[in-house]
Amino acid sequence: MKSFTPKPWVTPQPVLIIGTYNQDGKANAMNAAWGGQWDTNEIFISLGTHATTDNLNANNEFTVAFATTSTHVAADYVGLVSAKNNPDKLERTGWNAVQAEKVNAPVFTDFPMTLECRVKEKINESASGYYLVGEIVNILVDEKFLDEDGNPDIEKMQIIVFDPVHHGYIQLGKKVGQAFSDGKSLK
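Residues numbered from 1 in each chain as written. Predicted model: local features only at pLDDT ≥ 70, side-chain atom pairs only at ≥ 80, totals over all residues. Heavy atoms only, no water.

(A) The arrangement of the side chain of Glu-42 in detail. Among the structural elements, Glu-42 can be located in strand S5 (residues 42-47). A distance of 2.3 Å separates polar atoms of two side chains, one belonging to Glu-42 and the other to Lys-120. Beyond its immediate chain neighbours, meaning those up to four positions away, Glu-42 contacts Gln-37, Lys-120, Val-133, Gly-134, Glu-135 and Ile-136. (Helix = DSSP H or I, 4+ residues; strand = E, 2+ residues; numbered from the N terminus. Polar contact = N/O pair within 3.5 Å; in protein donor to acceptor, adjacent residues only side chain to side chain. Contact = heavy atoms within 4.5 Å.)

Have a look at this one:
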């Protein structure tokens, strides 16, 4: 085996699109790759200083969508460009934004699944950012991405993850087994 110094290589890393409203009421989106499930109804996201963090200071509600193969170019763009310098950046994406059902934040209808969230906690808040813990208050899923039992079909969504080693985006693949079941064969 080859040894490496510590690097941010935990994988897979979801490509999360955080939706907030700017001070002028316009929808804003940013790309964040360092996040995940914190608890049953909570997520966490590592945030630097962004227009999004300013927006969260003014309004503690936000949405989180999962980038897909078809949205990856615009998802990458909203990670490259700051709304602080490009206030009209969302127009370049072509995404459609509507008001969320349960929180005061935009839902970008171009994504198959969106979490509606409220800030629960900001950990280690400093001038350079913080770790955000968000409470999930609602989940919206485009009906064309539901399976036969009425639940989200992750394979249909073509969700992408961030490759922290080669700085790429990888589409999630096919199902290879059944959790909480396949391991029983070794009992």
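(B) Just unusual backbone geometry, in detail. For the peptide bond that leads from Thr-11 to Pro-12, omega is 5°, which places it in the cis range. With respect to the secondary-structure elements, Pro-12 resides in the segment before strand S1 (13-14). At Asn-124, a position not held by glycine, the phi torsion is positive, near 55°. Checked against the element boundaries, Asn-124 lands in strand S9 (residues 113-126). Residues other than glycine seldom take positive phi values, yet Phe-180 does so here, at roughly 65°. Within the secondary structure, Phe-180 sits in the segment after strand S12 (168-171). The class of Phe-180 is exposed, set by a relative accessible area of 83%. (Buried < 20%, exposed > 50% of the residue type's maximum accessible area, 1.4 Å probe, protein only.)

(C) Focus on the pattern of salt bridges. For the structure shown, the criterion picks out 5 salt bridges. The shortest N-O distance in the salt bridge between Asp-54 and Lys-84 comes to 3.7 Å. Here Asp-54 is found in helix H1 (residues 51-58), whereas its partner Lys-84 is found in the loop between helix H2 (72-80) and helix H3 (89-93), with 30 residues between them in sequence. Look at Asp-54 and you get partly exposed, because its relative accessible area is 35%. A salt bridge links Glu-61 to Arg-118; the shortest N-O distance between them is 2.7 Å. Here Glu-61 is found in strand S6 (residues 61-66), whereas its partner Arg-118 is found in strand S9, with 57 residues between them in sequence. Overall, Glu-61 belongs to the buried group, its relative accessible area being 14%. For Arg-118, a relative accessible area of 29% gives the class partly exposed. (Salt bridge = Lys/Arg side-chain N within 4 Å of Asp/Glu carboxyl O.)

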